[in-house]
Amino acid sequence: MDLELRGKSVLITGASKGIGLACARGFAAEGANVHLAARSTAELEAAAADIRKQYRVDATVHAVDLGANGNAAALGQQCGNVDVLVNNAGAIPQGSLTQLTEERWRKAWDLKVFGFFNLTREVYRRMCERGSGVIVNVIGVAGENHRSNYIAGTTGNASLIAFTRALGGESVDHGVRVVGVNPGRILTERQIAHIEERAEKELGERGRWKEILARMSEKLPFKRTGDPSEVSDLVCYLASARASYVSGTVVAIDGGASTRPRA
């Protein structure tokens, strides 16, 4: 299947690792030129060099903190001519309402919520002027499957789901599509770090995290976590010409976990 992504220009945020890096590789494998944005210059440079070598495409690095005031808008102005924007940056902390301070909550939303809004505003404006483009928001199943012990993430993701659906309904009038994906339990570096912390608490050694993972997987759909490459495959498809009649839709990629009845 030809996704017709060859020669397209794609901006991916949070692209130094995890789902973002997997998306960058996925688009590059399809022949797209990629812009990689994240905070870590060294990790971005290493990823870009590897992508250039392996896929023979252009890979441009943007080392930027998208949670800092003005940076998302500035990146949007710099990369406003991209064909595809993948909003992926951000990690919202766990915690209940009484556990999270206003400072931590606002800092997380500055990146994951307002970072999406502010970058999209700049890129979307240019896409509408051209009459073409696709925006893919990588959000999270907590926005649909509400959890009080992850309340900042649940409410932040819920707002991004509403944002995607609302904008994706309007965007088609300008030749632009806006879609979203809701990853579930995906084995990223961040997820591994959480499992390592649990291994240290329960087994006394961070290095025994795979034992915890095996125990967790018994309760997951298909008895495994998802892989970042699987999210990338979905993102690339939704951004492609093969999904040209899809907009305002948010697709869960969680093995059906969010629709399973709770015990």
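Located above this text is the structure these notes cover.
This is a predicted model, so every value here is computed, not measured. (Residues numbered from 1 in each chain as written. Predicted model: local features only at pLDDT ≥ 70, side-chain atom pairs only at ≥ 80, totals over all residues. Heavy atoms only, no water.)

A. Structural context of the overall build of the chain. For the chain, the helix and strand inventory stands at nine helices and seven strands. Projected onto its principal axes, the C-alpha coordinates of the chain cover approximately 55 × 40 × 35 Å. In the chain, buried positions account for 48% of the 263 residues. Taking as baseline every contact in the chain between residues at least 6 positions apart, the subset at least 24 positions apart corresponds to 71%. For the chain, the accessible surface area stands at approximately 12,900 Å², while carbon and sulfur atoms represent 49% of it. Side chains of the chain carry 33 positive and 29 negative charges; the gap between the two charge centres is 3 Å. (Helix = DSSP H or I, 4+ residues; strand = E, 2+ residues; numbered from the N terminus. Buried < 20%, exposed > 50% of the residue type's maximum accessible area, 1.4 Å probe, protein only. Contact = heavy atoms within 4.5 Å. Areas by Shrake-Rupley, 256 points an atom, 1.4 Å probe, with all protein chains shown as cover. Lys, Arg positive; Asp, Glu negative; His and termini not counted. Charge placed at Lys NZ, Arg CZ, Asp CG, Glu CD.)

B. Layout of helix 7 (residues 189-203). With 15 residues, helix 7 should cover 21 Å at 1.5 Å per step; its first-to-last C-alpha distance of 20 Å lies within 8% of that length. Contacts made by the buried residues of helix 7 are with helix 8 (209-217). (Expected span 1.5 Å × (residues − 1).)

C. Here's a closer look at helix 6 (residues 151-171). Helix length check: helix 6, at 21 residues, gives a terminal C-alpha distance of 30 Å against a target of 30 Å (1.5 Å per residue), a fit within 8%. Considered for burial, the residues of helix 6 that qualify are Ala-152, Gly-153, Thr-154, Gly-156, Asn-157, Leu-160, Ile-161, Thr-164, Leu-167, Gly-168 and Ser-171. Of the surrounding secondary structure, the elements contacted by the buried residues of helix 6 are helix 4 (102-112), helix 5 (114-130), strand 5 (133-138), strand 6 (176-183) and strand 7 (250-253).

D. Structural context of the state of the cysteines. Applying the stated criterion across every chain yields a total of zero disulfides. Not part of a disulfide, Cys-79 finds its nearest cysteine sulfur in Cys-23, a span of 16 Å. Cys-79 provides the cysteine sulfur closest to Cys-128, a residue in no disulfide bond, and the two sulfurs are 18 Å apart. (Disulfide = S-S within 2.5 Å.)

E. Just the pairing of strand 6, in detail. Counting buried residues in strand 6 gives eight out of eight residues, a clear majority hidden from the surface. The two faces of strand 6 match: Val-176, Val-178, Gly-180 and Asn-182 on one face and Arg-177, Val-179, Val-181 and Pro-183 on the other face are all buried. Where strand 5 lies against strand 6, six bridges are found, and the strand directions are parallel. In the strand pairing of strand 6, Gly-133 is matched with Val-176. A crossover connection joins strand 5 to the parallel strand 6 through helix 6; in handedness this β-α-β unit is right-handed. As defined by bridge partners, strand 6 adjoins strand 7 across four bridges and the pair is classed as parallel. Its bridge partner lying in strand 7, Gly-180 is registered against Val-250. (Pairing = 2+ DSSP bridges. Right-handed = clockwise from strand over helix to strand, strands pointing away.)

F. How the structure looks around the sheet that holds strand 5. Pairing in this open sheet of seven strands is parallel, and the strands run 3-2-1-4-5-6-7 from one edge to the other. Both edges of this open sheet fall to strand 3 (59-63) and strand 7, since each of them pairs with a single strand only. Strand-to-strand, the axes of this sheet are offset by a mean angle of 15°, without reference to chain direction. Two strands pair when backbone bridges link them, and strand 1 (residues 9-13) and strand 2 (residues 33-38) are joined in this way by five bridges, in the parallel orientation. Pairing of Leu-11 across the sheet is with His-35, part of strand 2. (Axes fitted to C-alpha atoms, helices over the stretch in contact; angles between N-to-C directions.)

G. Expanded view of the pattern of salt bridges. Applying the stated criterion across every chain, the model contains 13 salt bridges. With a closest N to O distance of 3.2 Å, Arg-206 and Glu-196 form a salt bridge. Of the two residues, Arg-206 is situated in the loop between helix 7 and helix 8 and Glu-196 in helix 7; the sequence distance between them amounts to 10 residues. On the basis of relative accessibility, which here comes to 34%, the residue Arg-206 falls in the partly exposed class. Taken together, the shared-partner salt bridges connect Glu-196, Glu-200 and Arg-206 into one network. (Salt bridge = Lys/Arg side-chain N within 4 Å of Asp/Glu carboxyl O.)

H. Region of the structure containing the packing of helix 4 against helix 5. Running from N to C, helix 4 and helix 5 point in directions that differ by 30°, and their axes come no closer than 3 Å. With respect to helix 5, the element helix 4 is oriented roughly parallel. For the pair helix 4 and helix 5, the contacting residues are Trp-109, Asp-110, Leu-111 and Lys-112 in the first and Phe-114, Gly-115 and Phe-116 in the second. (Parallel < 35°, antiparallel > 145°, perpendicular 65-115°, else oblique.)

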